[in-house]
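Below are the chains, spelled out letter by letter.
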Amino acid sequence: MNSAIDAIANKNNQSPLPWALWLRQIGAIFRFDLRKNFLGRRAILIYLLAMLPLFPLLVFAFVPANYKNFNNYSLIYSVLYNGLILRTLVFFGCAWIFMNLFRGEIVDRSLHYYFLSAVRREVLVAGKYISGLVTSIVLFTFTTVAAMLLLYLPSFYSQSMRYFTEGAGLTQLLTYAGITILACIGYGAFFVVVGLFVRNPIIPAVLLYGWEWLNFLLPPLLKKISVIHYLNSLVPIPVSEGPFAVIAEPTPAYIAIPSMLGVTLVVLVIAAYRIRHMEIHYGSD
Amino acid sequence: MTVAGDQLIIFDNVSKFYGEILGVNRVNLQIAPGITSLVGPNGAGKSTLMNLMTGLLRPTRGKISLLGIPTDQPEKLFRKVGYCTQFDSFPRGLTGREFITSFLLIHGYERKRADDLAHLALEHVNLVDAADRKVAAYSKGMRQRIRLAQAIAHEPVVLILDEPLNGLDPMVRAETIALFRKLAAEGLHLIISSHILHEVDMMSDRVVLVNNGYIVAEGNIHGVRDEMEEHPMQILIRCDQPAKLAAYVFAQNHVVEAKLHDDRRGLFVRTRDADGFYLLLNRAIADGEINVESVAPVDDDMSAVYQYLIGTTE
């Protein structure tokens, strides 16, 4: 019985850990959850959210070119990216996607099917996290890129093309996309854990949202206990945070990126520990 | 017959509390292969025992192992164990076949093998025709069967089934019981909880009676019944001279009651020593005193045991 799995497990018993089996299981969980993330009923909200920043830009595209100034575009995009895409869309989008990875299964009373499979619960966390990551990165990186192109191309096409092919445009575009990916990685891990520990994840999400928005008022040391500080440090065109902002040195990319990834790893270990000891109590959830 | 520890399901002084509420207390059990039924009223602790066995719950105290595998190692445990829970819920948007195949893939099977196993499981529960319809459109009985198929698809050696006959029509119930018997005959452990006492009687090799979180009795139904000395065994003898038989048996110390049947063609006897009574009856028949048509114990079944030990039949 179970000869196929046992064969893999036995083969892997010769090495310290059964990586081949784990990778196969992560792949299966990833594909299963990816389908739910993109095609499930819950996906509609996330599609709408991903489209949100594109609507004002679509309207803006119809404003005649003589009312616009190409030289301001990089700053306009930076403001739009900071205020709408990064702090709102990516934040709440990640909250929705990643909290639902486990909380959604609890609400649907289907988490036990995963728990009753011959899979380490740490592997389950990895598979689900990767599926959330791919979903959020695909949707929000698309929005990041589409928003920039929608701002630039309709009114000053030839100038914009030169900007993207010969000027700083492409570098900026890729940097913004990279920041979006990093935000998905960081916020995603945080929201996975929140979804595992808190019955109503909206409250911690709103608290974190407030903390991230008030980041500009915080003293330099406290600024560093936030995701947005590290992401802002990477933005190619810094945006003024107003007269009340407490100025702090941006963290260099070679520190910001590994720090974010390191904290993400720690947070995922906490999630794995939590799920390893989790019981099924649908009645109380 | 002694069964090795790695073939047993062992509860070693297990207690489970939900905060201050008792789930089960001081459970010591050793369950051998065959069909074991967990019987008890609602809230007795049957599902708690099953959830503990499968690691969905963790014991507050004590240890549990299935075939030598601790329940906190799902990656090993569920290669051997399948569990059909009472939760009537499913991941959204899947057909019956996708539901089974998806979790086989998560188990680690390759696509082709997963497809084959899923098909086999669907055949076992007679759901091949409906396999490509969405589970959300299934009737209650079909949902019950697809969950059963999911539990058996990876060919476990221990099958734990929480009220598996709920919602099934009589025909399918009979087929499902036959399937359980077939699996048990192949050497599987089947742990089944059920409210339907006559079905428990029909299919179980042994029973575990649970009430208020405690194990009230366990073992073969007849063995459990025999040990209930405070409830003398009731036997109905159909014969031509019940009054004469009553006078004959009533002289025996172990016979506590003899009552004529309403149709006056039979005698109810309550005895503390059923074996002694049968010997006595044999002697009476051999002496040609009476002609006996049939002899049958009246309360040597699950319903009676349940009623005596727990108080009410459900």
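These remarks concern the structure in this document. In this text, all values refer to a predicted model and were calculated from it rather than measured experimentally. (Residues numbered from 1 in each chain as written. Chains lettered and ligands numbered in written order. Predicted model: local features only at pLDDT ≥ 70, side-chain atom pairs only at ≥ 80, totals over all residues. Heavy atoms only, no water.)

Next up on the list: the overall build of chain B. Looking only at helices and strands, chain B has 11 helices and 14 strands in total. The principal-axis extent of the C-alpha atoms belonging to chain B is close to 75 × 45 × 35 Å. Scored against the burial criterion, the 314 residues of chain B give a buried share of 54%. Across chain B, every contact between residues at least 6 apart in sequence was considered, and the portion connecting residues at least 24 apart equals 66%. Total accessible area on chain B is roughly 13,900 Å²; 49% of this is exposed by carbon and sulfur atoms. (Helix = DSSP H or I, 4+ residues; strand = E, 2+ residues; numbered from the N terminus. Buried < 20%, exposed > 50% of the residue type's maximum accessible area, 1.4 Å probe, protein only. Contact = heavy atoms within 4.5 Å. Areas by Shrake-Rupley, 256 points an atom, 1.4 Å probe, with all protein chains shown as cover.)

Secondary structure assignment for chain A yields 13 helices and 0 strands. Ordered by position in the sequence, the α and β elements of chain A form the string α-α-α-α-α-α-α-α-α-α-α-α-α. C-alpha extents for chain A along the principal axes are approximately 75 × 40 × 40 Å. Across the 285 residues that make up chain A, the buried fraction comes to 52%. Here the analysis covers contacts within chain A between residues at least 6 apart in sequence; of these, 80% occur between residues at least 24 apart.

Let us now look at the packing of helix H7 (residues 121-152) of chain A against helix H8 (residues 157-165) of chain A. Residues and elements named next belong to chain A. Here H7 crosses H8 at 140 degrees, and the two axes come no closer than 9 Å. One finds that H7 runs oblique with respect to H8. Each of Met148, Leu149 and Tyr152 in H7 lies in contact with H8, whose residues at this interface are Ser160, Tyr163 and Phe164. Each residue belonging to the contact of H7 with H8 can be placed in one class, and the counts come to 5 nonpolar, 1 polar and no charged. (Axes fitted to C-alpha atoms, helices over the stretch in contact; angles between N-to-C directions. Parallel < 35°, antiparallel > 145°, perpendicular 65-115°, else oblique. Nonpolar A, V, L, I, M, F, W, Y, C, P; charged D, E, K, R; others polar.)

Let us now look at the state of the cysteines. Residues and elements named next belong to chain A. Across all of its chains, the model carries 0 disulfides over all chains by this definition. Cysteine Cys184 is unpaired, with the sulfur of Cys94 as its nearest cysteine sulfur at 4.1 Å. Cys184 gets classed as buried once you look at its relative accessible area, which sits at 0%. (Disulfide = S-S within 2.5 Å.)

Turning next to the sheet that holds strand E3 (residues 34-39) of chain B. Residue and element names in this part refer to chain B. The mixed open sheet is built from 6 strands, whose spatial order is E6-E7-E8-E3-E9-E10. Each edge of the sheet is formed by a strand with only one pairing partner; in this case those strands are strand E6 (81-84) and strand E10 (214-219). Each strand of the sheet is rotated relative to its neighbour by a mean of 15 degrees, with strand direction disregarded. Pairing geometry for E3 and strand E9 (residues 206-211), over 4 bridges, is parallel. Counted as the bridge partner of Val39 is Leu209 from E9. (Pairing = 2+ DSSP bridges.)

Residues and elements named next belong to chain A. Compared with the 16 Å implied by 1.5 Å per residue over 12 residues, the 16 Å span of helix H10 (residues 202-213) between its first and last C-alpha is a close match. If you check which residues of H10 are buried, you get Pro204, Ala205, Leu208, Tyr209 and Glu212. One side of H10 carries all its buried residues, which in axial view fall inside an arc of 140 degrees. Residues of H10 that are exposed and point more than 90 degrees away from the buried face comprise Ile202, Ile203 and Leu207. Among the structural elements, helix H5 (73-107), helix H9 (169-197) and helix H12 (227-232) are those in contact with the buried residues of H10. (Expected span 1.5 Å × (residues − 1). Arc of directions from axis to C-beta.)

This brings us to the side chain of Ser194 of chain B. Residues and elements named next belong to chain B. Along the chain, the position of Ser194 falls in the loop between strand E8 (189-193) and helix H7 (197-203). Ser194 sits in the buried class, given a relative accessible area of 3%. Ser194 has contacts with Leu38, Val39, Glu163 and Val200, leaving out every residue within four places of it along the chain.

Every contact between the two is made by 41 residues of chain B and, on the other side, 37 residues of chain A. Where chain B abuts chain A, roughly 3,600 Å² becomes buried across the two surfaces, and 56% of that area is made up of carbon and sulfur atoms. For the chain B face of the interface with chain A, the top three residues by lost area are Arg79, Arg92 and Ile106 of chain B, together amounting to 22%. For the pair chain B and chain A, the interface holds 6 salt bridges. (Buried area = accessible area lost by both parts, 1.4 Å probe. Salt bridge = Lys/Arg side-chain N within 4 Å of Asp/Glu carboxyl O.)

Looking now at the pattern of salt bridges. According to the stated counting rule, one finds 20 salt bridges over all chains in the structure shown. One salt bridge in this structure joins Asp33 of chain A and Lys128 of chain A, with 2.6 Å as the shortest N-O distance. A residue pair is termed long-range when its members are at least 10 positions apart, and Asp33 of chain A in helix H2 (residues 19-39) and Lys128 of chain A in helix H7 qualify at 95 residues. Ionic pairing is found between Lys16 of chain B and Glu279 of chain A, a salt bridge with its closest N-O pair at 2.8 Å.

Turning to the sheet that holds strand E13 (residues 266-271) of chain B, a few remarks are in order. Residues and elements named next belong to chain B. Within the open sheet, the 4 strands sit side by side as E12-E13-E11-E14. Their pairing is antiparallel. Looking along the sheet, the strands with just one partner apiece sit at the ends: strand E12 (255-260) and strand E14 (292-297). If you compare each strand with its neighbour and ignore which way they point, the axes differ by 20 degrees on average.

In this structure, Phe140, Tyr187 and Phe191 of chain A together with Phe11 and Leu190 of chain B are the most contacted members of the largest nonpolar core, which totals 156 residues. If we ignore the near neighbours within four places in the chain, the residues touching Phe191 of chain A are Phe91, Cys94, Ala95, Phe98, Met99, Ala205 and Leu208 of chain A. Among the nonpolar cores identified, the runner-up in size contains 16 residues, and Ile237, Val269, Phe277 and Ile290 of chain B belong to it. (Core = buried A, V, L, I, M, F, W, Y, C linked by side-chain atoms within 4.5 Å.)

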